[in-house]
Amino acid sequence: MKKKLLSLMLVAAMALAAVACGSKEETAEAPAAAEEATEEAEAPADKAVLVMATNAEFPPYEYYEGGEIVGIDAEIAAAVAEKLGCELVIEDMAFDSIIAAVTSGKADFGLAGMTVTEDRLQSVNFSDTYAHATQVVIVAEGSDITGVADLDGRKVGVQLGTTGDIYAEDITDVTIERYNKGFEAVQALSQGKIDAVIIDNEPAKVFVAENEGLVLLDEAFTEEDYAMAIAKDNTDLLEKVNTALAELTEDGTLQAIVDKYIAAE
Ligand code: ARG
């Protein structure tokens, strides 16, 4: 009798979680869960799933360490998923596929050091901001490019579909080389194939530290805000994510995650 009640409560809890986690899980798994609730209780793998779309080529926000995706975004997502009672699954993909993954429902949210832009707001909603960033310029040591104005007429590398890509388009007579990964642009710069790379400030610092002979220009392009992209019709998840983010900010978890990956200046 007690067991039965527990089962029922678990089913109810899972159904609730499924609302916030993936909707697919809710319809596909709920009936089965009802029959085997006692078994399900011990199997965390059956928790409703929250799918994050990212591009894990962007340290310190998301990158591979061994076979695992780690970084600020990965840890924020894990903390949010925990608050929502969902199991987090991270899907790595090309950066310019993330919005489509979210709008098509393939992923529940996109978290990828993604800048809030007017253009993207046409397709998705963004959560409250969790980080600020700037677009910066990386050049080879001793380069005659000393400021943004010197980029006119040059060959500039960017990661495809990023805000760096968009800003590069504003430069006069520029030749834009688009790479699938930010790191590939940096490599091309190291090899002298291009004159500069426009990329977000924190990944830029990591790439410059890891590759000899590269420097960051002092002058930055723009101020940007990072946020989580969520499908427009999923206002339930948006609300829950914002509540979770506020709690994680309030209790210092968010800052602790950032401090773990970014040394204070
Ligand atoms: N902040 C830039 C943008 O939103 C670049 C983000 C790239 N992120 C990544 N995970 N590769 O376009």
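For the structure itself, look to the data block above.
Computed from a predicted model, the values in this text were never measured in an experiment.

1. Some remarks on the packing of helix α4 (residues 72-84) against helix α11 (residues 253-261)
At a closest axis distance of 9 Å, the pairing of α4 and α11 adopts a crossing angle of 155°. Comparing their axes, α11 and α4 come out roughly antiparallel. Our pair here, α4 against α11, has a crossing hand that is right-handed. Contacts from Ile72, Glu75 and Ile76 of α4 reach α11 at Leu254, Ile257, Val258, Lys260 and Tyr261. For the contact of α4 with α11, a count of residues per class yields 6 nonpolar, no polar and 2 charged.

2. Some thoughts on unusual backbone geometry
Note that the residue after Pro59, namely Pro60, is joined by a cis bond; omega there is 5°. Residue position: Pro60 is located in the loop between β2 (57-58) and β3 (62-65).

3. Considerations on the pairing of strand β10 (residues 175-179)
Note on strand geometry: in a regular strand, side chains alternate between the two faces of the sheet. Two strands pair when backbone bridges link them, and strand β9 (residues 155-159) and β10 are joined in this way by 5 bridges, in the parallel orientation. Among the inter-strand pairings, Lys155 is bridged to a residue of β10, identified as Thr175. Each parallel crossover has a hand, and for β9 linked through helix α7 (residues 163-168) to β10 it is right-handed.

4. Structural notes on the packing of aromatic side chains
Within a pair of aromatic rings, the relevant descriptors are the distance that separates the centres and the angle that separates the planes. In the structure shown here, the tally under the stated rule is 6 aromatic pairs. For the pair Phe58 and Tyr61, a centre-to-centre distance of 6.0 Å together with 35° between the ring planes defines the contact as tilted. Note on accessibility: Phe58 and Tyr61 belong to one class, buried. When the ring of Tyr61 is compared with that of Tyr226, the centres are 5.1 Å apart and the planes differ by 85°; the resulting orientation is edge-to-face. On the criterion of sequence distance, the pair formed by Tyr61 in the loop between β2 and β3 and Tyr226 in strand β13 (residues 223-226) is long-range, its members being 165 residues apart.

5. Notes on the nonpolar core
Ile76, Val80, Leu84 and Phe109 are the most contacted members of the largest nonpolar core, which totals 35 residues. The set of elements that each furnish at least two residues to this core consists of β1 (49-54), α4, β8 (131-140), α10 (235-250) and α11. Per-element tally for this core: the top contributor is α4, with 7 residues. Those residues in contact with Phe109 that sit more than four places away from it in its chain are Leu50, Val51, Met52, Ala53, Ala77, Leu88, Val102, Met228, Ala229 and Ile230. Core analysis: the next-biggest nonpolar cluster, separate from the first, contains 17 residues, Val49, Ala53, Ala107 and Phe126 among them.

6. Quick word on the pattern of salt bridges
Tallied over the full model, the rule gives 8 salt bridges. With its nearest N and O atoms 3.6 Å apart, the salt bridge here joins Glu57 to Lys181. Here the residue Glu57 occupies a position in strand β2, and Lys181 occupies one in the loop between β10 and α8 (182-190), the gap between them amounting to 124 residues. With relative accessibility at 32%, the residue Lys181 sits in the partly exposed group. A salt bridge links Glu169 to Arg178; the shortest N-O distance between them is 2.9 Å.

7. Let's talk about the sheet that holds β3
Taken together, 3 strands build an open sheet; the order of strands is β2-β3-β4 and the sheet is antiparallel. The open sheet has two free edges, formed respectively by β2 and β4 (68-70), since each of these has just one partner strand. In this sheet, β4 lies alongside β3 in antiparallel orientation, the contact comprising 3 bridges. In the sheet register, Glu65 faces β4, and the bridge partner there is Glu68.

Rules used throughout
- Residues numbered from 1 in each chain as written.
- Predicted model: local features only at pLDDT ≥ 70, side-chain atom pairs only at ≥ 80, totals over all residues.
- Heavy atoms only, no water.
- Axes fitted to C-alpha atoms, helices over the stretch in contact; angles between N-to-C directions.
- Helix = DSSP H or I, 4+ residues; strand = E, 2+ residues; numbered from the N terminus.
- Parallel < 35°, antiparallel > 145°, perpendicular 65-115°, else oblique.
- Left-handed = near helix turned anticlockwise from the far one by under 90°.
- Contact = heavy atoms within 4.5 Å.
- Nonpolar A, V, L, I, M, F, W, Y, C, P; charged D, E, K, R; others polar.
- Pairing = 2+ DSSP bridges.
- Right-handed = clockwise from strand over helix to strand, strands pointing away.
- Phe/Tyr/Trp six-rings, centres within 6.5 Å; stacked < 30°, edge-to-face > 60°.
- Buried < 20%, exposed > 50% of the residue type's maximum accessible area, 1.4 Å probe, protein only.
- Core = buried A, V, L, I, M, F, W, Y, C linked by side-chain atoms within 4.5 Å.
- Salt bridge = Lys/Arg side-chain N within 4 Å of Asp/Glu carboxyl O.

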